[in-house]
Amino acid sequence: MSETIQWFGSTVKPGGAADTQLVISESYSGRDVVVPIHIRRGIEPGPTAFIAGALHGDELNGTGAIRALLTDTSWNLDRGTLILVPVLNVLGFERHSRYLPDRRDLNRCFPGSKTGSMANRMAKVVFESIIEKCDFGIDLHTAAIRRTNFPNVRCDFSHPECLRIAEAFGAGIILDNKGPKRSLRREATDSGCPTIVVEG
């Protein structure tokens, strides 16, 4: 595979990697809101998958897991493309908040809209720029404040590819759950990108 692809303005060759960013909105102060993204490609062709953390800005386990993956030099991607997004909800993350500054839950706004709230506009950019370009997805979450989760995976059992990803992930518990309406997982799966949620 010799095809060079463009992701968010960065050129990535087979076997290569790139750090880039996606402009997803504009803050109330007028500055661009950007999401940091790492892209890694295998030598051989294959599917494209995303792994995203901190969709809720105060859920940090996914961010740590992705950063650990980025600094681990013991693995290589054999085939396909991996899109790693350590912090999806940058504005919530900066404020240590589950929500965006408009007090909306980004994970109830997918696939988004061009003319809606800040959360809806951000969701639309994320959905069109990342989700719709991927074949599979993993959305990493953390227990709510003052709670502890036994690590589990949530997926739609009626979708064979979701169940296959969930079983391959290796969590001790897999729950049959489509996810709330307008959540990233449910909308991504419905649009043809089978996606699971990992609750840590």
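What counts, and where the lines are drawn
Residues numbered from 1 in each chain as written. Predicted model: local features only at pLDDT ≥ 70, side-chain atom pairs only at ≥ 80, totals over all residues. Heavy atoms only, no water. 1 Å grid on protein atoms, 1.4 Å probe; cavity = no way out; pocket = protein on both sides within 12 Å on 5 of 7 lines; lining within 4 Å. Points joined across faces, edges and corners; volume = space filled by probe spheres on them. Helix = DSSP H or I, 4+ residues; strand = E, 2+ residues; numbered from the N terminus. Nonpolar A, V, L, I, M, F, W, Y, C, P; charged D, E, K, R; others polar. Pairing = 2+ DSSP bridges. Core = buried A, V, L, I, M, F, W, Y, C linked by side-chain atoms within 4.5 Å. Buried < 20%, exposed > 50% of the residue type's maximum accessible area, 1.4 Å probe, protein only. Contact = heavy atoms within 4.5 Å. Salt bridge = Lys/Arg side-chain N within 4 Å of Asp/Glu carboxyl O. Patch = residues over 30% accessible without salt bridge, like charges linked within 9 Å, V, L, I, M, F, W, Y side chains within 5 Å. Areas by Shrake-Rupley, 256 points an atom, 1.4 Å probe, with all protein chains shown as cover. Phe/Tyr/Trp six-rings, centres within 6.5 Å; stacked < 30°, edge-to-face > 60°. Lys NZ or Arg CZ within 6 Å of the ring centre and 35° of its normal. Lys, Arg positive; Asp, Glu negative; His and termini not counted. Polar contact = N/O pair within 3.5 Å; in protein donor to acceptor, adjacent residues only side chain to side chain. Arc of directions from axis to C-beta.

This next bit is on the layout of surface pockets. In this model, the largest pocket occupies a volume close to 420 Å³. Residue lining of the largest pocket: 15 residues in total, with Ala49, Leu82, Phe136, Ile138 and Ile165 positioned closest to the centre. Elements supplying a minimum of two residues to the lining of the largest pocket: strand 5 (44-53), strand 6 (79-85), strand 7 (136-141) and helix 4 (160-169). Of the residues that constitute the lining of the largest pocket, the class distribution is eleven nonpolar, two polar and two charged.

Another point: the pairing of strand 5. Both strand 5 and strand 6 contribute to a ladder of six bridges, which runs parallel. Residue pairing across strands places Ala52 opposite Val85, the latter belonging to strand 6. Two strands pair when backbone bridges link them, and strand 5 and strand 7 are joined in this way by five bridges, in the parallel orientation. Across the sheet, the residue bridging to Ala49 is Phe136, located in strand 7.

The next point concerns the nonpolar core. For soluble globular proteins, the rule of thumb is that nonpolar side chains tend to be buried together. One finds Ile37, Phe50, Ile83 and Ile130 to be the most contacted residues of the largest nonpolar core, which totals 37 residues. Elements represented by at least two residues in this core include exactly strand 1 (5-7), strand 3 (17-26), strand 4 (32-41), strand 5, strand 6, helix 2 (90-94), helix 3 (118-129) and helix 5 (184-190). Examining the composition of this core, we find that six residues originate from one element, helix 3, more than from any other. In this structure, Phe50 is in contact with Ile83, Ile130, Ile131, Cys134, Phe136, Gly137, Ile138, Leu184, Cys193 and Thr195, ignoring residues within four places of it in sequence. One finds Leu82, Leu84, Ile138 and Val198 within the second-largest nonpolar core, a separate group that totals 15 residues.

The next point concerns the pattern of salt bridges. All told, the structure shown has seven salt bridges when counted by the stated rule. Between Arg164 and Glu161 there is a salt bridge whose closest N-O contact spans 2.9 Å. Residue Arg164 and its partner Glu161 are both found in helix 4; the two are separated by three residues, about one turn of the helix. Its relative accessible area of 47% is what places Arg164 among the partly exposed residues. Look at Glu161 and you get partly exposed, because its relative accessible area is 27%.

Let us look at a nonpolar patch on the surface. A contiguous nonpolar surface patch, about 280 Å² in accessible area, is contributed by Phe150, Ile173 and Leu175. Locating Phe150 in the fold gives a position in the loop between strand 7 and strand 8 (152-155).

Looking now at the packing of aromatic side chains. Counted by the stated rule, this structure contains two aromatic pairs. Taken together, a centroid distance of 5.4 Å and an interplanar angle of 55 degrees make the contact between Trp7 and Phe8 tilted. Residue classification places Trp7 among the buried positions, given a relative accessible area of 7%. The ring of Trp7 carries the charged tip of Lys133 above its face, separated from the ring centre by 5.7 Å.

Moving on, we get to the side chain of Arg40. By the secondary structure assignment, Arg40 is in strand 4. In this structure Arg40 is buried but unpaired, with Asp19 as the nearest side chain of opposite charge at 7.5 Å. Separated by 3.4 Å, the side chains of Arg40 and His38 make a polar contact. Once residues lying within four places of it in the same chain are set aside, the contact partners of Arg40 are Gly16, Ala17, Leu70, Trp75, Leu77, Gly80, Thr81 and Leu82.

This part is about helix 4. Since one α-helical turn is 3.6 residues long, residues separated by three or four positions face the same way. Taken together, the buried positions of helix 4 are Cys162, Ile165 and Ala166. End-on, the buried residues of helix 4 take up no more than an arc of 100 degrees, which puts them together on one face. Exposed side chains of helix 4 directed beyond 90 degrees from the buried face belong to Pro160, Glu167 and Ala168. In this structure, the buried side of helix 4 is in contact with strand 7, strand 8, strand 9 (173-176), helix 5 and strand 10 (195-199). Once helix 4 finishes, Gly170 follows within two positions and takes phi at roughly 90 degrees, a positive value.

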